Amino acid sequence: MIRFEKVTKWLGGSLVLDEVDMEIRQHETFCIVGASGAGKSVSLKHMVRLLTPDSGRIFVGDDCVNEARGKDLDRVRNRFGVLFQGAALLQWLNVGDNVGLPLRMKTDKPDEDIDRLVKEKLEMVDLVETFSKTPYELSGGMRKRVGLARAIIEDPEIILYDEPTSGLDPVTSRTIDRLISRLKTDLGVTSVVVTHDLHSALAIGTRIAMLHDGKIVETATPKEFIKSDNEIVKGFLEAQYITTEAEWKRDPSP
Amino acid sequence: MIIQEPEHFEPTRNFVQNTGRHVLAMLRGSGRAMLMLLEAMRDIPHGLSSKHRHDILLQQYVSGVKSLGVLTVVALFTGMILALQTGIELRRFAQEVYIGSAVTLVMLREMGPFMTGMIIAASVGSSFAAQIGTMVVSEEVSALEVMSIKPVRYLVMPRLVALIIMMPLLTVYTNVIGVVGGAIVGQTQLGVSMPAYFDNATQYAQNKDLYVGLFKAVVFGILITTVSCYQGFSTTQGAVGVGRATRRTVVISFLVMLAVGYMITRLFYQ
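Conventions adopted
By convention here, each chain's residues receive numbers from 1 onward along its written sequence. For naming, the first written chain is A and the first written ligand is 1, with later ones following in the order written. Residue-level local features of this predicted model are given only where pLDDT is at least 70; pairs of side-chain atoms are given and counted only at 80 or more, and the full residue set underlies all totals for whole chains, interfaces and linings. A helix here means a DSSP run of H or I that spans at least four residues, while a strand means a run of E at least two residues long, and both kinds are numbered starting from the N terminus. What counts as a contact here is a pair of residues whose C-beta atoms, placed from the backbone, lie within 7 Å. Just to be clear, the radius of gyration here is over C-alpha atoms, and the globule rule we use is 2.2 Å times residues to the power 0.38. Throughout, the edges of the domains are those of an automatic or database domain assignment. In this classification, the charged set is Asp, Glu, Lys and Arg, the nonpolar set is Ala, Val, Leu, Ile, Met, Phe, Trp, Tyr, Cys and Pro, and all remaining amino acids, among them Gly, are polar. DSSP-based pairing: two strands are paired if at least 2 bridges between them are found. Here, axes are lines fitted to C-alpha atoms. For helices the fit covers the stretch in contact, and angles between N-to-C directions go from 0 to 180 degrees. Here the word oblique covers every angle except those under 35 degrees (roughly parallel), over 145 (roughly antiparallel) and from 65 to 115 (roughly perpendicular). By convention the crossing between two helices is left-handed if the near helix lies anticlockwise of the far one by an angle smaller than a right angle, and right-handed if it lies clockwise. Note on burial: count the other C-beta atoms lying within 10 Å of the residue's C-beta; 20 or more is buried, 12 or fewer is exposed, in between is partly exposed, and C-beta positions come from the backbone. Joining buried Ala, Val, Leu, Ile, Met, Phe, Trp, Tyr and Cys residues through C-beta atoms within 7 Å gives a set, and that set is a nonpolar core. A helix is expected to reach a length of 1.5 Å times the quantity of its residues less one. The arc in question is formed by the directions pointing from the helix axis toward the C-beta atoms.

Caption draft 1: Structural view of the overall build of chain B. A count of helices and strands for chain B gives nine helices and zero strands. In chain B, the succession of α and β elements from N to C terminus is α-α-α-α-α-α-α-α-α. Taking the principal axes of its C-alpha atoms as reference, chain B extends roughly 65 × 55 × 35 Å. Taking the contacts inside chain B whose residues are at least 6 apart along the sequence as the reference set, 87% of them involve residues at least 24 apart.

Written as structure tokens, this is what we have:
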């Protein structure tokens, strides 16, 4: 579904992605983990061409993202919904207008239809009562859920999550995890989750890839990942108090 | 992509290299700002659709109605100072009645559009830069791009249309208040009656003076929008970057308005 072919990216004089090869399969939840500055968010931004690689190619289906321009790029981007790290809600619009923004700007749908669709999506993230509220009135977790409702308003095939649980307490983080799993089941989407929260990645991921110094050092299922022999993976697991002896509890049903 | 990827350069070795790099960066920035302006102008027909009408009206309200208070004070005192300074000199030759034409011509040709431009650049332009800069930093502009909503059409075009409409209107307002300020000083301090002041003002002012001033106002509106929005989109490094973009907007807008104002004056009054 999404394929990185020898993608290299320099930013601010540092090599952030170093000939990265990666393949994300349809309908899976692919988690990219790693320390801060490892290149996780940079790789995510390449998928929707917010960044372009210095060398290498990125494919979404048969479309080469880094060569797409104009309407071709719009077509590729329309396959995605993105939840940004801080939710990226427009502060002067209320929740309903934020979620419905893509439909209002890009379609000629009547307002009643848009409002109905917005409420439908807000229902999916359990926030229909916030329709008229402004982003300032919402907590961090609620903002992320509104951002998620906006990401799915156009029924995308792929949802990208940039640090969906960062800055949230453990209880809210697990709520977001369950929501990601539920949306995957309900909508049949492919999910790509960038996170440094291994608990979250192990709970929701179909496969987990670890980025370190711009390279993928491990790609495995959660069960294989916690038993990995890779020293970098081991160190990362231990830093989050996860050991192979631990009884790992997989995500409960959504 | 309206947001440029951060550029990295090796440290410069000498003054010449450093100067060259700054000049190139300035030229590149000017070129990008011009491309942004062209894109926004190309999008103006979309402003007629109901999708953008509300945004344009909102920007007109913010840039126009909300600036009236400060404009009134600045224009009134500008007119009063002009009348007092010219009046004191003209009184030496018993020609103080000519303050009417002096104040009116200066306001119509230069001070009206320039004072309006300064106030709008400092209050509205800086807020454009801060708002767009904050949106860049908090990834809201990236979110628009990913949703295939063109940031220039959504953010720049309504502001451009609003200032193209509001700048001439505000300039007319500034002119009127400035001329009235001059009349008050004439009446109270220089012994020039209101009818004599306005007779003198209308005798020498021509339609051309008004039109050139209004033309300047439109050009200043375009310049302020271009500078402020471009600085906003160029914001990097969080809150510090937003502050830098705001400061640059005000400084660059003032400098560009002075230079372009001079060129327009030279073009029409040579």
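Read on, since the account is not over.
Caption draft 2: Quick look at the overall build of chain A. Check the secondary structure of chain A and you find nine helices and ten strands. A compact globule built from 254 residues should have a C-alpha radius of gyration of about 18 Å, and chain A, at 18 Å, falls within 12% of that. Along the first, second and third principal axes, the C-alpha set of chain A runs to 55 × 45 × 30 Å. Contacts spanning at least 24 positions in sequence make up 63% of the contacts within chain A whose residues lie at least 6 apart.

Caption draft 3: Region of the structure containing the domain arrangement of chain A. Residue and element names in this part refer to chain A. The domain boundaries assigned to chain A delineate domain 1 (1-79 + 157-242) and domain 2 (88-155). Domain 1 and domain 2 are separated by 25 Å when their C-alpha centres are compared. Listed per partner, the contact involves eleven residues of domain 1 and nine residues of domain 2. For the side of domain 1 that touches domain 2, the element with the most residues is helix 6 (residues 170-187), which contributes six residues. A class-by-class count of the residues in the side of domain 1 that touches domain 2 yields seven nonpolar, four polar and no charged.

Caption draft 4: Focus on the environment of Arg77(A). Within the element layout of this structure, Arg77(A) appears in helix 2 (residues 70-77). Between the C-alpha atom of Arg77(A) and that of Ala35(A), which follows or precedes it by 42 residues, the distance is 27 Å. Once residues within four sequence positions are removed from consideration, Arg77(A) is found in contact with Val48(A), Val146(B) and Ser148(B).

Caption draft 5: Spatial organisation of the sheet that holds strand 2 (residues 14-24) of chain A. Strands sit in the order 2-1-4-5 (chain A) across an open sheet of four strands; the sheet is antiparallel. The open sheet has two edge strands with one neighbour each: strand 2 and strand 5 (63-64) of chain A.

Caption draft 6: Region of the structure containing the packing of helix 4 (residues 99-137) of chain B against helix 9 (residues 238-268) of chain B. Residues and elements named next belong to chain B. The N-to-C vectors of helix 4 and helix 9 enclose an angle of 150°; their axes lie 8 Å apart at closest approach. Overall, the two elements helix 4 and helix 9 adopt an arrangement that is roughly antiparallel. Like other packed secondary-structure pairs, helix 4 and helix 9 cross with a definite hand, here right-handed. Across from Phe-114, Gly-117, Met-118, Ala-121, Ala-122, Gly-125, Ser-126, Ala-129, Ala-130, Gly-133, Thr-134 and Val-137 in helix 4, the residues of helix 9 making contact are Gly-238, Gly-241, Val-242, Ala-245, Thr-246, Thr-249, Val-250, Ser-253, Phe-254, Met-257 and Gly-261. Here the contact of helix 4 with helix 9 is composed, by residue class, of twelve nonpolar, eleven polar and no charged.

Caption draft 7: Representation of unusual backbone geometry within the structure. Residues and elements named next belong to chain A. Of note in the backbone geometry, Glu-19 takes a positive phi value of approximately 50° without being a glycine. Positionally, Glu-19 belongs in strand 2. Backbone geometry at Asp-126 places phi at a positive 60°, although glycine is not the residue there. By the element assignment, Asp-126 lies in the loop between helix 4 (111-124) and helix 5 (140-151). A residue is classified by how many C-beta atoms lie within 10 Å of it, and Asp-126, with 13 of them, is partly exposed.

Caption draft 8: How the structure looks around the nonpolar core. Among the nonpolar cores identified, the biggest contains 136 residues, and Val82(A), Ala149(A), Ile159(A) and Leu160(A) are the most heavily contacted of them. Of the residues forming this core, the biggest block, 18 residues, is contributed by helix 4 of chain B. Of the residues that make up this core, three or more belong to each of domain 1 (1-79 + 157-242) and domain 2 (88-155) of chain A. Excluding anything up to four places from it in sequence, Val82(A) contacts Val48(A), Ala151(A), Leu160(A), Ala143(B) and Val146(B).

Caption draft 9: Here's a closer look at the sheet that holds strand 9 (residues 207-212) of chain A. All names here are of chain A. The mixed open sheet is built from six strands, whose spatial order is 6-7-8-3-9-10. At either end of the open sheet lies a strand with only one pairing partner, and these are strand 6 (80-83) and strand 10 (215-220). Adjacent strand axes in the sheet meet at a mean angle of 15°, parallel and antiparallel pairs treated alike. Pairing of strand 7 (residues 158-162) with strand 8 (residues 190-195) involves five bridges; the strand directions are parallel. Across the sheet, residue Asp-162 finds its bridge partner in strand 8, namely Val-194. Contacts from helix 5 reach strand 6 and strand 7, with the element oriented near 170° to strand 6.

Caption draft 10: The arrangement of the interface of chain A and chain B in detail. Chain A puts 21 residues into the contact, and the matching count from chain B is 15 residues. Elements with a contribution of two residues or more to the side of chain A that touches chain B: helix 2, strand 6 and helix 3 (95-106) of chain A. A per-element tally of the side of chain A that touches chain B places helix 3 of chain A first, with five residues. By residue class, the composition of the side of chain A that touches chain B is twelve nonpolar, five polar and four charged.

Caption draft 11: Geometry of the environment of Lys121(A). For Lys121(A), the location among the structural elements is in helix 4. Along the primary structure Lys121(A) and Lys9(A) are separated by 112 residues, whereas in three dimensions their C-alpha atoms are 36 Å apart.

Caption draft 12: Region of interest: helix 6 of chain A. Residues and elements named next belong to chain A. Given a rise of 1.5 Å per residue, 18 residues ought to cover 26 Å, and the 25 Å separating the end C-alpha atoms of helix 6 matches this to within 8%. Regarding helix 6, the residues found buried are Ser-173, Ile-176, Asp-177, Leu-179, Ile-180 and Leu-183. All buried residues of helix 6 fall inside an arc of 160° around its axis, so they share one side. Set apart from the buried face of helix 6 by more than 90 degrees, the exposed residues are Pro-170, Val-171, Thr-185 and Asp-186. Packed against the buried residues of helix 6 are strand 3 (29-33), helix 5, strand 7, strand 8 and helix 7 (198-204).

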